[in-house]
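What the coordinates show
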Amino acid sequence: MAVLGVQLVVTLLTATLMHRLAAHCSFARWLLCNGSLFRYVHPSEEELRALAGKQRPRGKRERWASEEKPLSVPRDAPFQLETCPLTAVDALVLRFFLEYQWFVDFAVYTGGVYLFTEAYYYATCPAREANIAVCWCLLAVAFSIKVFLTVTRLYFSAEEGGERSVCLTFAFFFLLLAMLVQVVREETLELGLEPGLASMTGNLEPLLKKQGWDWALPLVKLTVRVGLAVVGAMLGAFLTFPGLRLAQTHRDALMMAEDRPGLQLLLHASFLSPLFVLWLWTRPIARDFLQQAPLGGTSVSLLSDEAFDSVRLWVLVALCLLRLAVTRPHLQAYLGLAKVRVEQLRREAGRIEACEIQRRVVRVYCYVTVVSLQYLTPLILTLNCTLLLKSLGGYSWGLGLAPTLPPVPSSADAASAGPEGDSAQETAAQIVGALGGLLTPLFCRGILSFLVWWTAACQLLSSLFGLYFHQHLGGS
């Protein structure tokens, strides 16, 4: 099962291109810095000084006096914010820009490797080659978690501590919700956890019985379920602030697109895309409804089980591409927060230091790469989990019959594969059998379906809460 031949060559070529072309051709840089996004430039000190009615000090004594007392202007001063396009030269100084560029470009190259691998498998049907695109997708998922950790660490390092409390509160809430979701019956929520755990324990039982550890089977199932609940709580904490930010940019993007109904429709569909994902795994209103669709006085089967699984994969990919298509309206809505904050400042009374005005405008621009990561990382995580679900779960992109799942060697067969008396080979065979019994296609279906469904659920709940917060509590 070694990875050799064409797949290895394509992998090495892709890694070389990703390294060599990063400075010349970058999808992440094009997405953010192609000139369609504009940022607001803070007023200069000379402009604020003129509005305050003060001239620049000329003598040494005047300069010393001005340094002791910072320049302040009325909060309702009629200064204007200039705009300029967001360019790559400006973005290079932003925090996390290099991490953003590398991560998004890696996700793009991962998609390219996956497309080539799928075409290669369709054309040649190699029987003894491992799918190297799975490794790329697993790396993309791991890097997504790393980006979540990096961004969430910013909130835990804040001095006020309010963001830290919000993250911990949502983590505890999602922990309880993840445990509640796992007790829902498969007839209602067909995540496939029960068949997956049954497949895993059924393959591990012979090995555990041979070692006298058959008592550990319930503990294995409990460990998996507790691990899923902990992972669900972590994902919920990671997706809390991205969901709150998405709600804010969604509202602002809708206001900016008042005269563009087509864009508003895309924005609404993108915002509600997690709801469509939840619907795809709700059996009574998804699979059962399409298989027993009412037509007149009879019921008609529109899709078979295999066709429904394939359609579900296609819908997931389409929803990810839809959210990617409206990335720039969301980012532009975020950059428009600088003007909104200045307008809020003008409604206040009193005076404010000039450096504070400049800081409020610049802070929005300096945070744009973090907002981009918050928007794109859930999308990349969902897309790669979907691709893994297709490859590891034994699904098909076609609407016909799905390929039959390969027989999983039992742990007992793997343990007896080595020659008698060779303890090293016997031990290696037992390890391979244990891993093969653990990572069965049914088990991978259950785990990956849970991750996709749970990511959508966290996004939907956090964004709806953010929508309510910004609509009713944000101005209070």
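This section reports on the structure supplied with the text.

Quick notes on the rules
The residue numbering used here restarts from 1 in each chain and proceeds along that chain's sequence as written. For a predicted model such as this one, the threshold for reporting local features is a pLDDT of at least 70, and the threshold for listing and counting side-chain atom pairs is 80 or more; totals across whole chains, interfaces and linings nevertheless cover every residue. The basis for every side-chain value is the complete set of non-hydrogen atoms in the structure, without hydrogens or water. The numbering of helices and of strands both runs from the N terminus, where a helix is a DSSP run of H or I of at least 4 residues and a strand a run of E of at least 2. What a helix should span is 1.5 Å times the count of its residues minus one. Under the scheme applied here, a residue whose accessible area is under 20% of the maximum for its type counts as buried, over 50% as exposed, and between as partly exposed, the area being computed with a 1.4 Å probe on protein chains only. By definition, the arc is the one covered by directions from the helix axis to the C-beta atoms. We call two residues contacting when some pair of their heavy atoms lies within 4.5 Å. Disulfide assignment relies on a single distance test, namely cysteine sulfur atoms paired within 2.5 Å. Polar contacts, as counted here, are pairs of nitrogen or oxygen atoms within 3.5 Å of one another; within protein the pair requires one atom able to donate a hydrogen and one able to accept it, and residues that are adjacent in sequence qualify only if both atoms are side-chain atoms. Angles run from 0 to 180 degrees between N-to-C directions of axes, and those axes are lines fitted to C-alpha atoms, restricted for helices to the stretch in contact. Every angle not falling under 35 degrees, over 145, or within 65 to 115 is termed oblique; those three ranges are roughly parallel, roughly antiparallel and roughly perpendicular. Put simply, a crossing is left-handed when the front helix is turned counterclockwise from the back one by less than a right angle, and right-handed when it is turned clockwise.

1. Details of helix H8 (residues 162–181)
For an α-helix the count is 3.6 residues per turn, leaving residues at separations of three or four pointing the same way. With 20 residues, H8 should reach 28 Å at 1.5 Å per residue; the first-to-last C-alpha distance of 28 Å fits that figure. All buried positions along H8 are accounted for by Cys167, Phe170, Ala171, Phe174, Ala178 and Val181. Projection of H8 onto a plane perpendicular to its axis shows the buried side chains occupying an angular sector of 115°, all on one side. Projecting away from the buried face of H8 at angles above 90 degrees are the exposed residues Thr169, Phe172 and Leu180. Along its buried surface, H8 packs onto helix H7 (132–156), helix H10 (217–238), helix H11 (240–256) and helix H22 (441–473).

2. Regarding the state of the cysteines
Tallied over the entire structure, the rule returns 0 disulfides. Cysteine 320 takes part in no disulfide bond, and the closest cysteine sulfur to it belongs to cysteine 385, at a distance of 9.7 Å.

3. With respect to the side chain of arginine 245
Counting through the fold element by element, arginine 245 comes out in helix H11. Only 3.1 Å separates the side chain of arginine 245 from the side chain of glutamine 248, close enough to count as a polar contact. In this view, arginine 245 contacts Tyr334, Leu337, Tyr367, Val371 and Gln374; residues no more than four positions away in its chain are not counted.

4. What about the packing of helix H6 (residues 97–124) against H7?
It is the contact of H6 with H7, at a shortest axis distance of 9 Å, that shows an interaxial angle of 160°. Classified by the angle between their axes, H6 and H7 sit roughly antiparallel to one another. Handedness of the H6/H7 crossing: left-handed. Here Trp102, Phe103, Phe106, Tyr109, Thr110, Val113, Tyr114 and Thr117 of H6 lie close against H7, whose contacting residues are Ile132, Ala133, Trp136, Cys137, Leu139, Ala140, Phe143, Ser144 and Val147.

5. Comments concerning the environment of arginine 283
Within the fold, arginine 283 resides in the loop between helix H13 (273–280) and helix H14 (287–291). Remark: the alpha-carbon pair of arginine 283 and leucine 189, spanning 94 residues in sequence, is separated by 5.9 Å. When near neighbours in sequence (up to four residues on either side) are disregarded, arginine 283 contacts Glu186, Glu187, Thr188, Glu190, Asp288 and Phe289. Polar side-chain contacts of arginine 283 include one of 3.1 Å to the side chain of glutamate 190.

Honestly, it's all geometry; don't read function into it.
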